[in-house]
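# Summary of the model geometry
Residues per chain, in single letters:
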Amino acid sequence: MLLVMLAGLLAMSLTWIYFHLSKDRGYIEGLGLPLDKPNFVLGSSPLLPHQHVIHEVYMKKVRELGKTYVGYDNAQPILVTIDPNLIKAVTITHFENFSETIAFKIEPKVTTLDVAGGMVWQVLRKNMSPTFSSGKLKGMMEPISGISAFTLETISQSAFGFKSNAFYTKDSELLKHGVEAFSSFVTDSLPKSLEYVVLLHFPALFSYISIFPPAYYKLYDVTTNIMKQRSDQGIKKKDFLARLQELLEEIKNNPDGEVGKYLTEEHVTAQGAIFFLAGFETTANTLSTLCYNLAKHPEIQDKVREEITNVVNECDGRIDYDSVQGMKYLEACIHENLRMYPPATLHIRQCTKDTEIAPGLVIKKGMRVDFPIYTSHHNPEFFPEPETFDPERFMPENEKNIKNLTYRPFGGGPRFCIGQRFALIEMKMAVAKLLTNYQISTSPQTHLKFDKGSPFMLSYPELVLRINKP
Ligand code: HEM
């Protein structure tokens, strides 16, 4: 009897799971677009992400199915496209119906701008954007122009106003939390793959299980502690944290104003982690792959060094916010490197209202649209000979040949990367300093091989290069 009851219960559970997972099936199949066939009820994405380099999966699918296709990411129906017209329609023209990036609710303490939605995103974005204006950026870069700065050091000094010593010691607290927060999203083992697949098939579980690792909360505490220290000691700065402190004051003094109405103190403090979560890995990653490309192309490296030396000589030996503006070839090298190795390989939008994005092509509420960045950048129709490192593509006289929204290392539309200008200046300063003092070359151990299981970041285990005094 017990066995019969158990078998009945199992059958009912399996039927419920089947109907739950297939409830959104049927619509996309009628759109007349190529279908990335799902694995029974389990979606079209790789079932064990830890066995795949995700950007290569998108490359293969676009090769087989074309620039636009539909499928299921776990249970969610998705449209995947690298067609610039559709990207424009979703990220710009109909932005109001595609302004969100994630489909589940998260607590304010971990709601950084990149995952915020609705009015919280709007008010945060509006109030954080002025921090990234030219004047503010120039001020933020001043503290680092005198040191041998690399990304974390730049970030901790310009955003948080203190030396992390991350560049000198591997034990830095900040470096540890920053790296941990990022690596937690890499599905590098079978148990992690299974956890990821189960959670994405049943996103309601996100309300009970936090996907954010302890490192996220530690970065929150670091932000709280620095802000407290500043107000206790009356320290006044002009950096990113100072802007967050202003917003906290605004919430306190004017709870019915726009900021007070939509944001809590936790929302504001959570933004302290932005530079680490959205900015540190991306810039560090780009600097490493750029060094790799420059090591593999010594003639290009010499040409950049010559430009840097000329500009620096004209600017009384200064490598700072102003002098790097004149380094056009260096900028072209950075862009070409971001094309070949975009650190974020994908950006996405959730549909919040049925919308016709092209004649007869209606995206339904609840669907997601994926824009694989790496795949756009390696499409020979957009970038001839995509595997060749050719900075000339991005020199001012050639930039007109690049079709809008085919090059998107920083995403697109009103939700494009808020740190784009910060990142470009920071990277130019870092490379200018490095190449002024050192020669980079390959060694027999130099190779670039990408990690499996990283959902949207171009990560690799290590990159060995030789760095010598010329
Ligand atoms: C090489 C460096 C960087 C790259 C390649 C990069 C790339 C991106 C991409 C692809 C997006 C998604 C945009 C979209 O959905 O359309 C993004 C968003 C974002 N990035 Fe960056 N990023 C970089 C550096 C930075 C830095 C230095 C910061 C912070 C100072 C930063 C902060 C952000 C934030 C806050 C968002 C979310 C914006 C929003 O949703 O409103 N990023 N970034």
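Every chain's residues receive numbers from 1 upward, in the order its sequence appears when written. The model is predicted, so local features are restricted to residues of pLDDT at least 70 and side-chain atom pairs to those at 80 or more, both for listing and for counting; the totals for chains, interfaces and linings are taken over all residues.

## Notes on the overall build of the protein
In DSSP terms, a helix is any run of H or I states spanning at least four residues, a strand is any run of E spanning at least two, and both are numbered starting from the N terminus. The secondary structure content of the protein amounts to 17 helices and eight strands. Two residues form a contact once the distance between their C-beta atoms, set from the backbone, is within 7 Å. Excluding contacts between residues fewer than 6 apart, the proportion of contacts in the protein whose partners are at least 24 apart in sequence is 71%.

## Thoughts on the nonpolar core
Counting residues in hydrophobic clusters, the biggest one holds 33 residues, and the most contacted among them are I78, L79, V90, I363, V369 and F371. In terms of residue count, the dominant contributor to this core is helix α3 (residues 84–93) (four residues). As used here, a nonpolar core is made of buried Ala, Val, Leu, Ile, Met, Phe, Trp, Tyr and Cys residues. They are joined through C-beta atoms within 7 Å. Buried, partly exposed and exposed are defined by the number of other C-beta atoms within 10 Å of a residue's own C-beta, namely 20 or more, between the two limits, and 12 or fewer respectively, with C-beta atoms placed from the backbone.

## Looking at the site of the ligand
Any residue whose backbone-placed C-beta atom lies within 6 Å of a molecule or strand is treated as near that molecule or strand. Taken together, 24 residues lie near the ligand, and A278, G279, G411, C417 and G419 sit nearest. Within the residue set of the shell around the ligand, elements represented by two or more residues are α13 (274–296) and α17 (420–437). Top element by residues in the shell around the ligand is α13. It accounts for seven residues. All amino acids are sorted into three groups, where Ala, Val, Leu, Ile, Met, Phe, Trp, Tyr, Cys and Pro are nonpolar, Asp, Glu, Lys and Arg are charged, and the leftover types, Gly among them, are polar. Within the shell around the ligand, the residues separate by chemical class into 13 nonpolar, eight polar and three charged.

## Points about unusual backbone geometry
Keep in mind that most residues, glycine aside, have a negative phi and that most peptide bonds are trans. The backbone of E385 shows a phi angle near 45°, a positive value even though the residue is not glycine. For E385, the location among the structural elements is in the loop between α16 (373–377) and α17. Overall, the presence of 9 C-beta atoms within 10 Å leaves E385 in the exposed class. Non-glycine residue L405 carries a positive phi angle of around 70°. Its place among the elements puts L405 in the loop between α16 and α17.

## What to know about the UniProt feature "binding site: heme" (unreviewed entry) in the protein
UniProt positions are given in the numbering used here, feature names are shortened, and annotations may be inferred rather than shown by experiment. With numbering matched to this structure, UniProt assigns "binding site: heme" (unreviewed entry) to C417. Judged by the 20 C-beta atoms lying within 10 Å of it, C417 is buried.

## Thoughts on helix α9 (residues 214–233)
Multiply 1.5 Å by the residue count of a helix minus one, and that product is the helix's expected span. For α9, with 20 residues, the first-to-last C-alpha span of 29 Å sits near the 28 Å given by 1.5 Å per residue. Note on α9: the residue one or two positions beyond its end, G234, has a positive phi of about 65°.

## Some details on the packing of α13 against α17
Two numbers describe a pair of packed helices, the interaxial angle and the distance between the axes. The contact between α13 and α17 brings their axes to 11 Å, and the two run at 40°. Relative to α17, the element α13 is oriented oblique. Where α13 crosses over α17, the two elements pack in a sense that is right-handed. Here α13 contributes G279, T282, T283, T286, L287 and L290 to the contact with α17, which in turn contributes A423, E426, M427, A430 and V431. The residue makeup of the contact of α13 with α17, split by class, is six nonpolar, four polar and one charged. Here an angle of 0 to 180 degrees is reported between the N-to-C directions of two axes, which are lines fitted to C-alpha atoms, with helices fitted over the stretch in contact. Note that the term roughly parallel is reserved for angles under 35 degrees, roughly antiparallel for angles over 145, roughly perpendicular for angles of 65 to 115, and oblique for everything else. Rotating anticlockwise by less than a right angle from the far helix to the near helix defines a left-handed crossing, while the corresponding clockwise rotation defines a right-handed one.

## Things to note about the confidence of the model for the protein
Confidence in the prediction of the protein, expressed as mean pLDDT, is 85, and 87% of residues score 70 or more. Values of pLDDT, which run from 0 to 100, indicate the predictor's confidence residue by residue. In this model, residues 160–164 is a region of pLDDT below 50 whose contacts with residues beyond four sequence positions or in other chains number 16 contacts. Counting interchain partners and residues more than four positions distant, the pLDDT-below-50 stretch residues 166–170 has ten contacts.

## Things to note about the sheet that holds strand β2 (residues 76–81)
Note: strands within a sheet are paired through backbone hydrogen bonds, in either parallel or antiparallel orientation. As summarised here, the arrangement of the four strands in space is β1-β2-β6-β3, forming an open sheet in which the pairing is mixed. The open sheet has two edge strands with one neighbour each: β1 (68–73) and β3 (346–350). Sheet twist, expressed as the average angle between the axes of neighbouring strands with direction ignored, equals 25°. Here the rule is simple: two strands pair whenever DSSP picks up at least two bridges between them. The pairing of β1 with β2 spans six bridges and is classified as antiparallel. Across the sheet, Y69 pairs through a bridge with V80, a residue of β2.

## Some thoughts on the packing of helix α15 (residues 328–340) against α17
Contact geometry for α15 and α17: axes closest at 10 Å, N-to-C directions at 115°. By the angle between their axes, α15 is roughly perpendicular relative to α17. Here the hand of the crossing between α15 and α17 comes out right-handed. Contacts from L330, E331 and I334 of α15 reach α17 at L424, M427, K428, V431 and A432. Its residues placed into classes, the contact of α15 with α17 shows six nonpolar, no polar and two charged.

## Digging into the environment of L435
Relative to the elements of secondary structure, L435 occurs in helix α17. When the 22 C-beta atoms within 10 Å are taken as the criterion, L435 is described as buried. Distance in space between the C-alpha atoms of L435 and R305 is 6.0 Å, their sequence separation being 130 residues. In this structure, L435 is in contact with V304, R305 and I308, ignoring residues within four places of it in sequence.

## Some details on the environment of S45
Tracing the chain through its elements places S45 in the loop between α1 (2–22) and α2 (54–65). In sequence terms S45 and A75 are 30 residues apart; their C-alpha atoms lie 9.8 Å from each other.

## Regarding the environment of I373
In this fold, I373 is placed in helix α16. Residue I373 is classed as buried on the basis of its C-beta count, with 26 C-beta atoms lying within 10 Å. When the C-alpha atoms of I373 and P409 are compared, they prove to be 6.6 Å apart, with 36 residues separating the residues in sequence. Not counting residues up to four positions away in its chain, the partners in contact with I373 are P342, A344, T345, L346, H347, R408 and P409.

## Structural notes on the pairing of β2
Most of β2 is tucked away: five of the six residues are buried. Hairpin connection, β1 to β2: the antiparallel pair is bridged by two residues, and N74 has positive phi, about 55°. Bridging between β2 and strand β6 (residues 368–372) involves three bridges; their strand directions are parallel. Within the sheet, the bridge partner assigned to I78 lies in β6 and is R368.

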